[in-house]
Each structure stands twice: as C-alpha cells, then as structure tokens.
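Spelled out from the first residue to the last, the chains are:
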Amino acid sequence: MIYLYFLVAIAVVIAAQRLNDLRAKRVLFLLLGAALLCAPLFDRNDATFNVLADAGIFVLLALGLNIVVGFAGLLDLGYAAFFAIGAYAYAMMASPQFNLHLPFWLLLFLAAAFAAIFGIILGAPTLRLRGDYLAIVTLGFGEIVPQIFQNLTKYTGGPNGIGALDFPSFFGRSFGQSTIPYYYVVLALIALALFFAYNLRDSRLGRAWMAIREDELAARHMGINTTAVKLAAFALGASFSGLAGVVFAAKLSLVSPDLFQFQVSVLIVSMLVLGGMGNIPGVIVGALVLVLVNNVVLPQANTIAASAGLHVDFGNYHFFIYGAILVGIMLFRPEGLLPSRQRKEELHHAAA
Amino acid sequence: MLRLEGVTKRFGELVAVNDLSLNVAAGSISAIIGPNGAGKSTVFNIVSGIYRPSAGEIFFEDARIDGWPTHRIAAAGIARTFQNIRLFSFMAAIDNVLAGEDAHLHARLWDSLLHTPRQRREEKAARERARELLRFVGLEGVAETYARNLPYGSQRRLEIGRALASRPKLLLLDEPAAGMNPREKGELADLVAAIRERGITVLLIEHDMGLVMRVSDEITVLDYGQRIASGKPAEIRSNPRVIAAYLGTAVA
Ligand SMILES: Nc1ncnc2c1ncn2[C@@H]1O[C@H](COP(=O)(O)OP(=O)(O)OP(=O)(O)O)[C@@H](O)[C@H]1O
Ligand SMILES: [Mg+2]
C-alpha cells in the first residue's frame, strides 16, 4: 500500500516534468496535492503516514539544498547542520529542558530564521572558496554542529539529547500520538517550499545564482554582488532545513546529536544527484526514491530475510546501497533521473 | 573619462604593465595595441578590478576606483568583454543579457521570493529591454538558444550585448574581432560605431590593424608593459618606434 503512494507521487512528478505547459504542470501538482490531502480519509494506517511525513521532510531538505547546490552551484556537504539547528531550536524551546513551551507554529518561523542566520554565519567564511575546498569546509561545519550539541551537555542533554518534546497543537487541539497532523504540516510546508523555489528560480536572484554557477568572475563583471547572492543562497537553503528540523523533532518528540551525522548530509546530496541537481521535480523524485529504499524497502528486506531464517540487517548496508545507486547513475545517467535541460546539455557537452 | 596614472602591475619578477599613464576621452573610441604579452589584457583586468595595481592610480569620472570590488566598478559604469569569451554558457542568450542588467534591477529578496507585482513589472520591462539589445547586436532570432550553442561570432556579439545591458558609460572590448571572418569584422566595426552613437565610450584591444585603424580616434601602443606611442591612427602608422617594435612593415 505504501508503495502505491510513492509510485503515484513519483509518476505524477515525472509527468509534470514532461509537460511543457506551465499551467498544466501546476494543475497536476495541485491534483497530487489534493489526493494526498484526502488520503487520510480513506487510509487510517498511522505507520503509512509516518513514513510519508518522513519522506516529506526529506523532500523539504532536498528542495532546500537544491537552492544552494543546484541553483547557486555551491557544493555544501554539511547541510544536516541546519536540520539539526532547526530540530534543537524546537527541542530547547518546547520541552521541559528549560521549561519553555513556545508554540510549534511560532517555532517553525523562529527556527527558519535561526537556520537562515546560521546559514549566513557558516556561509560567510566560505565565500572565497569554490568546489572541493568549499565542500571540505562545509563538511567540517556539518561535523562541528552536532558535536557542539553533543558537548554542551548542560543545555542540550549531551549525547542523550532532549526528549519529551511538546506535542504541537492546532487551535487548541493537540496533535497527540497520531502522525497524520504532521503529515499535513509537511504537505503544507512542501507547498510553500515549492512556491518559493519556483519563484526564486524565475527571478532576479535565481538568474544571479545561475550566473555565478556558470562563471563567477564574469558575473561579478556584470555588477552582480556575488557575496550577497551567495549568502542569500545559504540563508534560504538553510531556512528550508530549519523548518524540516522542527517538524522532525516534534514528530519524534526527541532530538539527539547522532540523528544529524554526516550521513544525513550525504543522503540529501545523494537525493540531488540521483534526481537531477537543479531541477525541482528531479530532486523531489530523488528524495522519494531514497526514502522509499531507506524506510520501506530495507526494513521489509530485513523482515523477509528474518522469516527465511537469515539474520542480516540491511539497514547496515544502506551506504553500500546508496553507493551502488550513485555509481549506477553516474555510469548510465550522470545528469540524474529527471534532469533540467541545462544539466543535461552540460554533461552532454562535457562528454563530447 | 578614464585616467590611469603611473599604473604598474607586477606578477612576481615579471612587470606586465610598467608605469602606464593613459587618458580615455569621453565619447571616443580608443584602442590599445601591441604584441602578444605586451600587457594589454592586464590593463583591462586592472581597470575592471580583477587585479589591484602594484602602483599607480585609476580614476573614472573623477572617482578613484582602484581597489574597488569588481561588481562596484561594473555598477559605476565600466563593462567589459573577455579575450577568451566568458559567457554564461548554459543560459539562454536572453538570460545572459538579463544577468547583465542585474545591477539596474531593484527586486529585493522578498520580491524574488514572492513574485510581487513590482517584481513582475520590472521583470517584464527588463525582458523587453533585453530583446531590444539582442536586436541591436543582431541576435534577435536566437534569444532562447544557450550561449554555448551559438556560433563563435554570435558569442562575441552576445558578450557585447550582455556588457551593454549593464548600461556602461565605458565599454572595454578585449579582441572583439578575434576569430571573425572579414564580413563579421565589418559588421563589428559598424556595431562599435553604433555603440559610440549611443553615447558610450569604447576602449578596445585588437590585433586586426585594419579594424583598429578604421574605428579608432586614438591609439595607444604597448610593448613590454610600457607605452611606446600614442596618437591618431595616421600618426601611429608612421611612427618609427611602433613600426620597429610591432608592426613591422606590414602596415606602413
Ligand atoms: N595572472 C597572471 N600571473 C602571472 N603572469 C601573468 C598573469 N596575467 C598575465 N600575465 C603575464 O603578463 C604578461 C602580459 O599579459 P597580457 O595577457 O596582459 O598580454 P596581452 O597584451 O593581452 O597579450 P595577448 O595579445 O596575447 O592577449 C604576459 O607575459 C603574461 O604571461
Ligand atoms: Mg590579451
């Protein structure tokens, strides 16, 4: 059953990509949105919506990282840091930790702002770096942030993290144990993220990002303030991640440093590479496919193996599996499953 | 309009530009010529802010601009093209031109994020201007083609169009005719003249003597980073130092 959701969503996104007409595209997305909105009326399986909400959180993350890496061409390997900042913001301000119980909705907003500010703080020292060097420094930041959360035991609960986070409530009604309200929140946030991402792409800022990605020096000669434009990419990208972090923390009702390790950053980058960097439908598909593998296929493979008397945990092999998927993509379709026209031609030319 | 005073640029031991003073009059078409490695492109790179001069001062309309960041120099009204074309390869021709307009657009972050009415209006007007510029440089038919996929001569013209989009007062052209056939060179000469008609001062580097002599009001000759002559085309053509250093007998 859960497969059906993923397959339908992936199919619709692919179909939307194939359509040239912008309005038709929008209608298709709206139909998918409507179907997803109605789904809980017919399907009462909480576990399904838990997986779908997780998938949505990763779609948000992929859309955010796509702004930094796909649009602006800044390879960020520490993106999970902002996810962690969003999650810890919720954990510290809506839990018994400091006896603060700020509302979920306010914290969504605050965490997005926090993450954006940290995006700027962590982005600023990297402005002069490109390519490999940028990747290494961001990788470092991605390691440092969870490490800091781990070591500031007094405030963050150290390696154990913070638990018993508040349940969000909506007009006085608590979300309670159900995952369906989170699912709705995630859908709404994705709609918002899509609106922003498409607007950004087709705007002055989006064009400036494209220009610095293509040729930073020439962009500067056109009067583009590359510092401001890059910082905007870091800030906006991080803010999506901050939102995702809040929902993630609230749904789990727990945060701990090991949830935001390097592998999370790698996973999100892999989603972009797999789906098609820079292309919004592409990165959505990339996120859905990897969540499907990670959260559905691997656990099921475990169950099947266990029933056959084998004791393997396929979860332990997930890096091997991403690796295999990525190598396959690089060999057979380096532009990703669903690339933009730009990226397709780029790689086509590079090969020629 | 543009004034260089005692500008020197060293790369380690090498003195690429040596104590160069230069004055470009507003409304003129001026040229810098000289043998390969004479330091011509380095002069452009200093003026446009890629390099800081090792010594000397640069004034643009009475403002001292050496040390300014590149984007600020561009916004002040100096645009350029590159010897080895640097277009945004995988952006449509029209998007290249629109990127050139960036400094004149007012859309803020919120406008880009929300597509406010003001952003829509501005974008529409900018697109209209970009089309006009493409028409001006003779590329109206290929607005949606990726820069990378244009023929070489068109890429050179697109680079000029992109530079014009930033509404420069001074346009620096680094070997705009390189790789062009005679017909294209003729069209380029007309284009340069038309640009001046628009009130834009032009400073160009060029190896094609026919073109230089035809379009320039004023020529400066560099050799080993030093100015060895300057003057009207006729004076340059008959200057013995120039002939000895660079032109040989071909032009005389
Ligand atoms: N960034 C740099 N580092 C070191 N040396 C440089 C650098 N840029 C230029 N040069 C050297 O400075 C000298 C002048 O170079 P420049 O490119 O200005 O010459 P040019 O007159 O434009 O020549 P051409 O006609 O071949 O374009 C050359 O010897 C070149 O090798
Ligand atoms: Mg040169």
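Look up a bit, the structure's there.
The shown structure was predicted, so the numbers you read here are calculated from the model rather than taken from an experiment.

(A) Broad picture of the packing of aromatic side chains. Summed over all chains, the structure comprises 21 aromatic pairs over all chains. On the numbers, 5.3 Å between centres and 80° between planes, the contact of Phe83 of chain A with Phe260 of chain A is edge-to-face. With Phe83 of chain A in helix H4 (residues 80-93) and Phe260 of chain A in the loop between strand E6 (254-255) and helix H12 (262-275), this pair connects stretches of sequence that are 177 residues apart. Phe83 of chain A sits in the buried class, given a relative accessible area of 1%. Following the ring pairs from residue to residue traces out a cluster consisting of Tyr90, Phe104, Trp105, Phe170, Phe171, Phe175 and Tyr182 of chain A. Positioned above the aromatic ring of Tyr146 of chain B, the side-chain terminus of Arg341 of chain A is 4.0 Å from the ring centre.

(B) A look at unusual backbone geometry. Phi is positive for Ala164 of chain A, close to 55°, though the residue is something other than glycine. Of note, Ala164 of chain A is situated in the loop between strand E3 (162-163) and strand E4 (169-170). Classification of Ala164 of chain A by relative accessible area gives exposed; the value is 53%. Non-glycine residue His115 of chain B carries a positive phi angle of around 50°. Considering the arrangement of structural elements, one finds His115 of chain B in the loop between helix H4 (109-114) and helix H5 (117-136). Classification of His115 of chain B as buried rests on a relative accessible area of 15%.

(C) Fine view of the site of ligand 1. Residues and elements named next belong to chain B. The full set close to ligand 1 counts 14 residues, and Lys40, Ser41, Thr42, Tyr51 and Gln83 are the nearest of them. Take Gly39: an N or O atom from its main chain is 3.0 Å from an oxygen atom of ligand 1. Contact distances for ligand 1 include 3.5 Å between an oxygen atom and a side-chain N or O atom of Glu175. In the complex, 64% of the free accessible area of ligand 1, which totals 630 Å², lies under the protein chains. For the shell around ligand 1, the secondary-structure elements that each account for two or more residues are strand E2 (14-24) and helix H1 (40-47). Among the elements that line the shell around ligand 1, the one with the most residues is H1, at three residues.

Cut-off values and rules
Residues numbered from 1 in each chain as written. Chains lettered and ligands numbered in written order. Predicted model: local features only at pLDDT ≥ 70, side-chain atom pairs only at ≥ 80, totals over all residues. Heavy atoms only, no water. Phe/Tyr/Trp six-rings, centres within 6.5 Å; stacked < 30°, edge-to-face > 60°. Helix = DSSP H or I, 4+ residues; strand = E, 2+ residues; numbered from the N terminus. Buried < 20%, exposed > 50% of the residue type's maximum accessible area, 1.4 Å probe, protein only. Lys NZ or Arg CZ within 6 Å of the ring centre and 35° of its normal. Near = heavy atom within 4 Å. Polar contact = N/O pair within 3.5 Å; in protein donor to acceptor, adjacent residues only side chain to side chain. Areas by Shrake-Rupley, 256 points an atom, 1.4 Å probe, with all protein chains shown as cover.

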